[in-house]
Number of protein chains: 4
Amino acid sequence: MPIIIVNYKTYSEATGKKAVKLSKIAEDVNKETGVNISVAPQLADIKSVCDAVSIPVFAQHIDPILPGNSTGHVLLESVKEAGAIGTLINHSERRLKLCDIETIIARTRESDMVSVVCTNNAAVSEAAAALKPDIVSLEPPELIGTGIPVSKTKPEVVKDTVTLVRHVNPDVATLCGAGITKGEDVAAALNLGTMGVLVASGIVKAKDPHKVIMEFAEAITNSM
Amino acid sequence: MPIIIVNYKTYSEATGKKAVKLSKIAEDVNKETGVNISVAPQLADIKSVCDAVSIPVFAQHIDPILPGNSTGHVLLESVKEAGAIGTLINHSERRLKLCDIETIIARTRESDMVSVVCTNNAAVSEAAAALKPDIVSLEPPELIGTGIPVSKTKPEVVKDTVTLVRHVNPDVATLCGAGITKGEDVAAALNLGTMGVLVASGIVKAKDPHKVIMEFAEAITNSM
Amino acid sequence: MPIIIVNYKTYSEATGKKAVKLSKIAEDVNKETGVNISVAPQLADIKSVCDAVSIPVFAQHIDPILPGNSTGHVLLESVKEAGAIGTLINHSERRLKLCDIETIIARTRESDMVSVVCTNNAAVSEAAAALKPDIVSLEPPELIGTGIPVSKTKPEVVKDTVTLVRHVNPDVATLCGAGITKGEDVAAALNLGTMGVLVASGIVKAKDPHKVIMEFAEAITNSM
Amino acid sequence: MPIIIVNYKTYSEATGKKAVKLSKIAEDVNKETGVNISVAPQLADIKSVCDAVSIPVFAQHIDPILPGNSTGHVLLESVKEAGAIGTLINHSERRLKLCDIETIIARTRESDMVSVVCTNNAAVSEAAAALKPDIVSLEPPELIGTGIPVSKTKPEVVKDTVTLVRHVNPDVATLCGAGITKGEDVAAALNLGTMGVLVASGIVKAKDPHKVIMEFAEAITNSM
């Protein structure tokens, strides 16, 4: 079942009340189309967003810690109680140590939370898949925020990633992201064997986010 | 005007609903005694706590970033909109680069938020004071969580810190923390010239937090 | 062909002239027994050690950088020109980001240097093997420096690691380390399918390093 | 007494044998002019450079550690025994935590090594000076490697830094760096009250390094 995850990053357009508003737009499209649209707001906004909408909410990051003495860090239990059902891990703007990625995936597994590990190339995707997360999301850093879609510019990297991840562990799904701004980019991603897209500025900074999310969702329903 | 800041760290006893409950206890003592009791819950709990109580709420950490591409980081604007009036900076469990501490203090100043820079000794406190935060909070890491109160075990370090900070910038207040569990530890801190205490396990892990906060608050009212 | 790698860490007993002296002892045992004994001195000592002995010398760490603007970082070319033939990567005392491990392994491959990726458990070893280093070295952090040998205390973890690494990529060899102080620990490591050991305090802090290295080397010759 | 410190960074032009060669050129100019020209080669090159020349040699970085279990880190004792007489600290390409800067400065002081703390603006310079290093070196990161000289483009920042550093501690000298490529940039730096310059590409990447170092040295002798 295809999925769109919208990463709110630390954009002004998706902070505080605006995060709630954008999440309601995503929820509207979900209701209209039935497509799984998930959102990843900032930590301080998770609770408000979860209280306002019923679509799945992800944290953007959690730390490899247990409850205790970790001032200023992000505890899985805190984002789970706030309503998040999963978390991004190792986003290109928040790269993590290999051993910490393993610890975080293990913690999400024990806590029935969905783990989405971001990766920068096919080799790293293969290594990440060996750690048995739920999802690996390929995002070549050089394309992030450019509007040059990974699914159309680097189709072979996406395809290699899908193949390698599947080979290591058929239970791990692959997403792709970076430069996704149009429905056709989403369609291209699905054609390459991914389960969907991780998108940020393409939606958050769109003049009309509803229109863009709808276009993405339709690309998914058309592909099914 | 003396102050008690309660750092919730990532303790189970102060996560989610328990963070709200503990904050209400702190608010009760504030109402009963008039003493300024502030709390620093986890990021995901700031909004809930701010919605539930009227005492000042601090973030435990913010990142040296502007709105934009900083997935998984903590934006000042996000914690401010959630209701925080200030932030801890450079806690011993979240040490920061010197240049980032300067950037964060500058950001809090522009945004009218209160900056509390944590330090490990007198020399570092002096350097931190040069950056003109509102508050420097000395916490010798080796005493944190031990129940051995800095204000009684290392009075000369606290005294030196108060003197050095005042010398660098008379507008910067000094707190101390680490091992504070009793009213007499708070009284000792005030006698050494501090403006109060930063406390964590002494309150969060107390069997009866109301009793301990009340004891701390009374130590403050008795000293005035 | 089995191998012993001696990690000098930042021990006083293996800094500067003492690093050269210890390396000559290792070289003596190599000459006497024919066993491959490699050493990993500190960065500032690589050149002196390489000038003094003919056994293989490893760096303890290199950074994921190309020549250029990276003040204070470790460039592959600098340690290679100093005489190192390979490098440790991701030691438990110098953990790295997943994407940086991949970059460093790729750089060593292009430069014909030997890559030894340290790991903390079987899952991480499997992920590391997917990145195609020459060697994966399992070292459970909790046993490092304890004298409790991983090869005798956690044989199942070593065995699992050997199996998983071989499954992912049969060209990747496995070492193990942590708590190795006796010849029988080395023999146990070989029996579990490893290609040898990564050892530090067991040799560097030994009263008679020559005796201990000899004991290790004999465990290897006896196993062949 | 004015000083020029040449930071070799990880430039190809100043790695291995080329580091030794460039150091000999610097030594030649020192002999011809009497001006203090120091060099900061990569860690793996410190020993070779110190063995080849008699001018002062700095490390580019050391870690806040004591001898022991710190694989892949840089021990003060290792660079000192290799011949370094001091170290850069907190370069813009290797920023450090505030508490680590304090620890490193304290370690250099105990070991009679010269500490040069790099800073990015006047406020951070003031804080660094409070830690009592020997030298604070202001380098606005946005000018590094540009050829736009800090001493001519941002004279007020250099002047403020000199004033603030002197006010905090008259024993701390100030250098400046970034964009320094000509003798007149050095002269401008001295006119603003600095004790000299920290320079990298302006010399390392010069077609004729001897000529540029000589030009810098003459700017110093002319100013005296």
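Computed from a prediction, not measured in an experiment: that's the story for all the values here.

A. Quick peek at the overall build of chain A. Broken down by element type, chain A carries 10 helices and 8 strands. Its C-alpha atoms give chain A a radius of gyration of 16 Å, within 12% of the compact-globule value 17 Å for 224 residues. Seen along its three principal axes, the alpha-carbon backbone of chain A occupies a region of about 45 × 40 × 30 Å. The burial tally for chain A puts 63% of its 224 residues in the buried class. Sequence separation of 24 or more characterises 65% of the internal contacts of chain A that already satisfy a separation of 6 or more.

B. View of the relation of the copies chain A and chain B. For these two chains of identical sequence, chain A goes onto chain B by a turn of 180° and a shift of 0.0 Å along the axis, with RMSD 0.0 Å. Expressed as a symmetry operation, the mapping of one chain copy onto the other fits a two-fold axis. When C-alpha distances to the rotation axis are compared across chain A, the minimum falls at Ala44(A), with a value of 2.4 Å. Most of the interface of chain A is mirrored in chain B, where 100% of its interface residues are also at the interface.

C. Just the interface of chain A and chain B, in detail. Counting from both sides, the interface comprises 36 residues of chain A and, opposite them, 36 residues of chain B. Listed by contribution, the elements that provide at least two residues to the side of chain A that touches chain B are α2 (46-52) and α3 (76-82) of chain A. By residue number, the principal contributor to the side of chain A that touches chain B is α3(A), which donates 5 residues. Classifying every residue of the side of chain A that touches chain B gives 11 nonpolar, 18 polar and 7 charged.

D. Structural detail: the sheet that holds strand β3 (residues 58-59) of chain A. All names here are of chain A. The sheet built from 8 strands is open, its strands ordered β2-β1-β8-β7-β6-β5-β4-β3 with parallel pairing. Each end of this open sheet is capped by a strand with a single partner; those strands are β2 (36-40) and β3. In this sheet, β2 lies alongside strand β1 (residues 3-7) in parallel orientation, the contact comprising 5 bridges. Within the sheet, the bridge partner assigned to Ile5 lies in β2 and is Ser38.

E. View of the arrangement of the chains. Separating chain B from chain C is a minimum C-alpha gap of 16 Å, and the two share no contact. The smallest C-alpha distance separating chain A from chain D is 16 Å, and no contact links them.

F. Quick look at the interface of chain A and chain C. Facing 16 residues of chain A, the contacting portion of chain C comprises 17 residues. Only α4 (98-110) and α5 (122-129) of chain A provide two or more residues apiece to the side of chain A that touches chain C.

G. Expanded view of the packing of helix α8 (residues 183-191) of chain A against helix α10 (residues 209-223) of chain A. Residue and element names in this part refer to chain A. With their axes 8 Å apart at the nearest point, α8 and α10 run at an angle of 35° to one another. You can see that α8 and α10 cross each other, and the crossing is right-handed. In this structure, α8 uses Gly183, Glu184, Val186, Ala187 and Leu190 to contact α10, whose residues at the interface are Glu215, Phe216, Glu218, Ala219, Ile220 and Ser223. Its residues assigned to classes, the contact of α8 with α10 comprises 6 nonpolar, 2 polar and 3 charged.

H. Quick peek at helix α1 (residues 17-33) of chain A. Residue and element names in this part refer to chain A. With 17 residues, α1 should reach 24 Å at 1.5 Å per residue; the first-to-last C-alpha distance of 25 Å fits that figure. Along α1, the residues that are buried comprise Ala19, Leu22, Ser23, Ile25, Ala26, Val29 and Asn30. Projected onto a plane normal to the axis of α1, the buried residues spread over an arc of 155° and lie on a single side. In α1, those exposed residues whose orientation departs by more than 90 degrees from the buried face are Lys17 and Lys31.

I. Main features of the pairing of strand β6 (residues 135-138) of chain B. Residues and elements named next belong to chain B. Alternating positions in β6 separate into two faces, Ile135 and Ser137 on one and Val136 and Leu138 on the other, with burial throughout. With 4 bridges joining them, strand β5 (residues 114-119) and β6 adopt parallel strand pairing. By the bridge assignment for β6, Cys118 is matched with Ser137. Note on the crossover from β5 through helix α5 (residues 122-130) to β6: the handedness is right-handed.

J. Fine view of the packing of helix α1 (residues 17-33) of chain D against helix α10 (residues 209-223) of chain D. Residues and elements named next belong to chain D. Contact geometry of α1 with α10 gives a least axis separation of 10 Å together with a crossing angle of 35°. In terms of crossing hand, the pair formed by α1 and α10 is right-handed. Residues Leu22, Ile25, Ala26, Asp28, Val29 and Thr33 of α1 lie in contact with α10, whose contacting residues are Pro209, His210, Ile213, Met214, Ala217, Glu218 and Thr221. Residues that form the contact of α1 with α10 fall into these classes: 8 nonpolar, 3 polar and 2 charged.

K. The relation of the copies chain A and chain C, seen in detail. When chain A is fitted to chain C, the best match, at an RMSD of 0.0 Å, comes from turning it 180° and sliding it 0.0 Å along the axis. Same-surface contact between copies: 100% of interface residues of chain A are shared with the interface of chain C.

L. View of helix α8 (residues 183-191) of chain D. All names here are of chain D. Asp185, Val186, Ala188 and Ala189 are the residues of α8 that are buried. Each buried residue of α8 lies within a common arc of 160° when the element is viewed along its axis, so the set occupies one face. Packed against the buried residues of α8 are α6 (150-153), α7 (155-168), β7 (173-177), β8 (196-199) and α10. Within two residues after α8, Gly193 carries a phi angle of roughly 100°, on the positive side.

M. Highlighting the sheet that holds strand β3 (residues 58-59) of chain D. Residues and elements named next belong to chain D. Read across the sheet, 8 strands follow the order β2-β1-β8-β7-β6-β5-β4-β3 without closing on themselves; strand pairing throughout is parallel. This sheet does not close on itself; its edge strands, each paired only once, are β2 (36-40) and β3. With 4 bridges joining them, strand β4 (residues 86-89) and strand β5 (residues 114-119) adopt parallel strand pairing. The residue of β5 that forms the bridge with Leu88 is Val116. This element, α1, spans β1 (3-7) and β2 of the sheet and lies at about 170° to β2. Most of the contacts of α7 go to β7, to which it runs at about 160°, and overall it touches β6 (135-138) and β7.

N. View of the environment of Pro209(B). If you trace the backbone, Pro209(B) turns up in helix α10 (residues 209-223). Each C-alpha atom of the pair Pro209(B) and Leu22(B) lies 7.7 Å from the other, and the pair is 187 residues apart in sequence.

O. Spatial organisation of the confidence of the model for chain A. The share of residues in chain A with pLDDT of 70 or more is 100%, and the mean pLDDT across the chain is 95. Scored by ipTM, the complex comes to 0.95, with pTM at 0.96.

P. Quick look at the environment of Val150(A). All names here are of chain A. Positionally, Val150 belongs in helix α6 (residues 150-153). A sequence separation of 11 residues divides Val150 from Glu139, and the C-alpha atoms of the two residues are 7.5 Å apart. Beyond its immediate sequence surroundings of up to four residues, Val150 is in contact with Pro140, Leu143, Val158, Cys176, Gly177, Ala178 and Gly179.

Q. Up close: unusual backbone geometry. Here Asp112(C), not a glycine, exhibits a phi torsion of approximately 55°, which is positive. Even without a glycine there, the phi angle at Lys9(D) is positive, about 45°. Along the chain, Lys9(D) turns up in the loop between β1 and α1.

R. Focus on the pairing of β2(D). For β2(D), the tally of buried residues reaches 4 of 5 residues, placing the bulk of the element in the interior. The handedness of the β1(D) to β2(D) crossover, carried by α1(D), is right-handed.

S. Region of the structure containing the environment of Lys24(D). All names here are of chain D. Here Lys24 shows up in helix α1. Each C-alpha atom, one on Lys24 and one on Arg166, is 34 Å from the other, the two residues being 142 residues apart in sequence. Residues within four places of Lys24 in sequence aside, it is in contact with Ala52 and Val53.

Quick notes on the rules
- Residues numbered from 1 in each chain as written.
- Chains lettered and ligands numbered in written order.
- Predicted model: local features only at pLDDT ≥ 70, side-chain atom pairs only at ≥ 80, totals over all residues.
- Helix = DSSP H or I, 4+ residues; strand = E, 2+ residues; numbered from the N terminus.
- Rg over C-alpha atoms; globule rule 2.2 N^0.38 Å.
- Buried ≥ 20, exposed ≤ 12 C-beta atoms within 10 Å, placed from the backbone.
- Contact = placed C-beta atoms within 7 Å.
- Least-squares fit on C-alpha atoms with pLDDT ≥ 70 in both.
- Nonpolar A, V, L, I, M, F, W, Y, C, P; charged D, E, K, R; others polar.
- Pairing = 2+ DSSP bridges.
- Axes fitted to C-alpha atoms, helices over the stretch in contact; angles between N-to-C directions.
- Left-handed = near helix turned anticlockwise from the far one by under 90°.
- Expected span 1.5 Å × (residues − 1).
- Arc of directions from axis to C-beta.
- Right-handed = clockwise from strand over helix to strand, strands pointing away.
- pLDDT = per-residue confidence, 0-100.

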